[in-house]
Amino acid sequence: MKQLIDDSLPAFSTVMKEMGLSDIGWEGLLGPATVEDHGDAAMPCHSLSRELKRSPGDIADEICSLISPLLGEVAIVSSINGFVNLKAVPSWLSSKASSLLSDPRIGVGEGGRLTIAVDYSAPNVAKEMHVGHLRSTVIGDALVRMLEFKGHLVHRENHVGDWGTPFGMLIEHLLDLGEDEAANELGVGDLDSFYKQARVKFVSDAEFADRSRSRVVLLQGGDAETLRLWRVLVDESMRYFNEVYSMLGVLLTDDDIMGESYYQDLLPTVVERLSNSGMLENSEGADVVFPGGWKNRDGEPLPMIIRKADGGFNYSTSDLACIIDRVERLECDQFLYVVGTPQKQHFEMVFQVARKAGFMDDRHSSIHVNFGSVLDTDGRVLKSREGEVIKLHDLLSEAVIRANSAIEEKNPELIGEQRNNVASMVGIGAVKYADLSTERTKDYVFEWEKMLSFEGNTAPYLQYAHARICSIFRKWAGERSEIPDFEISCCEPEESNLARRLVRFPSALDETISTFSPHKLCTHLHSVASAFASFYEACQVLGSGDEAVEKSRLALCELTAKQLELGLGLLGIGVPEKM
Ligand code: ARG
């Protein structure tokens, strides 16, 4: 618990000086306790043992007895197995919780000063968005919200796949079908079958394949009519993607589209700069660079192809151009790429080449915020019943339908428009939360029952805790807006325990952001909601007869509700007042 550690440091400083340990960098030893029962923070004394030539247990005992009188207002100190343990006292918890309650930002600082590009979502035109794009969209959206909340300047960058050789066959197929018919097929989200039909013709029909190749040349040459047809493909696909974005309630808009096509004009610059830096080599007619340290299957050095023998550019080339753009036009300090783990090598090579070529330097950090796959209950990559890519639109609609019936069962009084709104918050929230609450780099299993359950580490559980608090406020006769002035005073253990969780919010959020790990915020919010459930069971909030107690408990409720609302909001999840 960072705040507890901060408040204890002066006392430690005094004691360490007294023991002759001022200069050994002991500050880093103080950290969160690993055994929650022992305390909130701890200092292991094992490394001090060498310095003092005494046993860790002995040292911990001495620190404990010297520091206890100094920390009376902050923590109870104990010495266990060579650790000095600090357990926050109720009065300290009460005053910290009270100060968070009166702060609309709940203690979260606003000092972020970086300019950050977040590259996320990035589906491919005329192809279905797959669950990997869903993960990227949901994780990227949460990171953007958190970074902006901390005060950073964030550029949302939707690097859609809207360029390349497949567009030759896609345009020819569009012409074969007739523009209106094709637009219709794409606009309703039948992207995969459109792509597949084009592909089938391309491999089976030589005349079609020839037309497609000439079309690529026209596209790259900037032929006006070809570009118009290309636009139709892009716009119709974006219409479908936007529908998915709006169902998900993410921040992405058309202004954030920074597709591969945008970087085309910069590609010759990439080649020129690589050539000037002496990195570009010719290999069988292609322009390549060897980043060094990578081998192909035969053990030979692995090149990165910059320009193919036929003159076409590669995915890596546009990512290099993209770095130049983000450094020189957007003046970013940091670039985050929210993309699945299978592209790990691609990004490592791109970053390596970009640094070596001087496209970015020590002032810039580039991070592949990678993530694992979404699996079905048999442990295979999630597919539709027919073995096809799942249509995200259908998946999200199903989430809302299922949430609707779950709510109908739980609260039959909620009807009509109101229930539909709640169902959409709960259904979409459940899908997002299931994704965000698992450690990002791990695979996770997509399970409707589990994610929509009102028990466990789920969105509905957290949303329900929030709704429950709102219903307490509805029953209470007072003005909710006055609660932030009430004083929190923890007496019962369940009150202290709830406060203990609540005061961790700012550091939980900081840790989430510094590791780009939304699951850490989820774990924190879940711990708050479950501490609230125990508190609510043990402590009567309204009508206890003691005004100070009632006010303090209402204040704990309010801080819990605000924290759930803000925390879930930063994850892109809404909180209904009734459900
Ligand atoms: N469109 C790509 C895909 O679907 C993802 C692009 C990720 N961003 C990037 N700058 N490479 O795999």
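Small disclaimer: the values here were computed from a predicted structure and weren't measured. (Residues numbered from 1 in each chain as written. Predicted model: local features only at pLDDT ≥ 70, side-chain atom pairs only at ≥ 80, totals over all residues. Heavy atoms only, no water.)

Q: Would you mind going over the overall build of the chain with me for this structure?
A: From N to C terminus, the chain includes 21 helices and 13 strands. The C-alpha extent of the chain, read off along each of the three principal axes, is 85 × 65 × 40 Å. By the burial criterion, 52% of the 579 residues in the chain qualify as buried. For the chain, contacts bridging at least 24 residues in sequence account for 73% of all contacts bridging at least 6. Accessible surface, the chain as shown: approximately 25,600 Å² in total, 49% of it carbon and sulfur. Separation of charge centres in the chain, based on 57 positive and 89 negative side chains, amounts to 2 Å. (Helix = DSSP H or I, 4+ residues; strand = E, 2+ residues; numbered from the N terminus. Buried < 20%, exposed > 50% of the residue type's maximum accessible area, 1.4 Å probe, protein only. Contact = heavy atoms within 4.5 Å. Areas by Shrake-Rupley, 256 points an atom, 1.4 Å probe, with all protein chains shown as cover. Lys, Arg positive; Asp, Glu negative; His and termini not counted. Charge placed at Lys NZ, Arg CZ, Asp CG, Glu CD.)

Q: Would you explain the packing of aromatic side chains in this entry?
A: To describe a pair of aromatic rings, one takes the distance between the centres and the angle between the planes. In the structure shown here, the tally under the stated rule is twelve aromatic pairs. Their ring planes at 25° and their centres at 6.2 Å tell us that phenylalanine 12 and tryptophan 26 sit as a pair that is stacked. Separated by 14 residues along the polypeptide, phenylalanine 12 in helix α1 (residues 2–18) and tryptophan 26 in the loop between α1 and β1 (31–32) bring together distant segments of the chain. No difference in accessibility class separates phenylalanine 12 from tryptophan 26, as the two residues are buried. Summarising the aromatic geometry, the rings of tyrosine 337 and phenylalanine 347 are spaced 4.8 Å apart at their centres and angled 45° between planes, so their arrangement reads as tilted. Taken together, the residues tyrosine 337 in strand β10 (residues 334–340) and phenylalanine 347 in helix α13 (residues 344–356) connect sequence positions ten residues apart. The class for phenylalanine 347 is buried, based on a relative accessible area of 2%. One aromatic cluster in this structure is built from Tyr337, Phe347 and Phe351. Above the ring of phenylalanine 149, the side-chain terminus of arginine 105 is found at 4.0 Å from the ring centroid. The positively charged end of lysine 410 is found above the aromatic ring belonging to tyrosine 464, 4.5 Å away from the centroid. (Phe/Tyr/Trp six-rings, centres within 6.5 Å; stacked < 30°, edge-to-face > 60°. Lys NZ or Arg CZ within 6 Å of the ring centre and 35° of its normal.)

Q: Before we go on, may I ask you to explain the pattern of salt bridges in this structure?
A: Side chains bearing opposite charge may pair, as long as their charged atoms lie close to each other. Scanning all chains against the criterion turns up 41 salt bridges. Of the charged contacts, one joins aspartate 40 and arginine 500 as a salt bridge, the two residues approaching to 2.7 Å between their closest N and O atoms. Of the two residues, aspartate 40 sits in the loop between β1 and β2 (41–44) while arginine 500 sits in helix α18 (residues 493–502), which places them 460 residues apart along the sequence. For the pair formed by aspartate 40 and arginine 500, the shared burial category is buried. Here arginine 228 ties to glutamate 179 by a salt bridge, and the two come within 2.8 Å at their closest N and O atoms. Residue arginine 228 is located in helix α10 (residues 224–248), and its partner glutamate 179 is located in helix α7 (residues 179–187); the two are separated by 49 residues in the primary sequence. A relative accessible area of 29% places glutamate 179 in the partly exposed class. Taken together, the shared-partner salt bridges connect Glu172, Asp176, Lys201, Glu207, Arg211 and Arg215 into one network. (Salt bridge = Lys/Arg side-chain N within 4 Å of Asp/Glu carboxyl O.)

Q: I'm lost on the sheet that holds strand β5 (residues 115–119) in this one. Help?
A: The strands making up a sheet associate through hydrogen bonds between their backbones, and the pairing can be parallel or antiparallel. Taking strand neighbours across the sheet as the criterion, the four strands line up as β6-β5-β10-β11 in an open arrangement whose pairing is parallel. At either margin of the open sheet sits one strand with a lone partner, and together these are β6 (153–157) and β11 (365–371). Averaged over all pairs of adjacent strands, the angle between strand axes in this sheet comes to 20°, irrespective of strand direction. Of the pairings in the sheet, the one linking β5 to β10 comprises four bridges and is parallel in character. Across the sheet, residue aspartate 119 finds its bridge partner in β10, namely tyrosine 337. Packing against the sheet, helix α12 (residues 315–328) makes contact with β5, β6 and β10, and its axis sits at approximately 145° to β10. (Pairing = 2+ DSSP bridges. Axes fitted to C-alpha atoms, helices over the stretch in contact; angles between N-to-C directions.)

Q: What should I look at first to understand helix α11 (residues 267–276) in this one?
A: When we look at burial in α11, the residues that qualify are Leu267, Val270, Val271 and Leu274. Each buried residue of α11 sits inside an arc of 95° when the element is viewed along its axis, so together they form one side. Along α11, exposed side chains directed more than 90 degrees from the buried face belong to Glu272 and Asn276. Residues of α11 that are buried in the fold lie against β8 (286–289), β9 (304–307), α12 and α13. Note on α11: the residue one or two positions beyond its end, glycine 278, has a positive phi of about 80°. (Arc of directions from axis to C-beta.)

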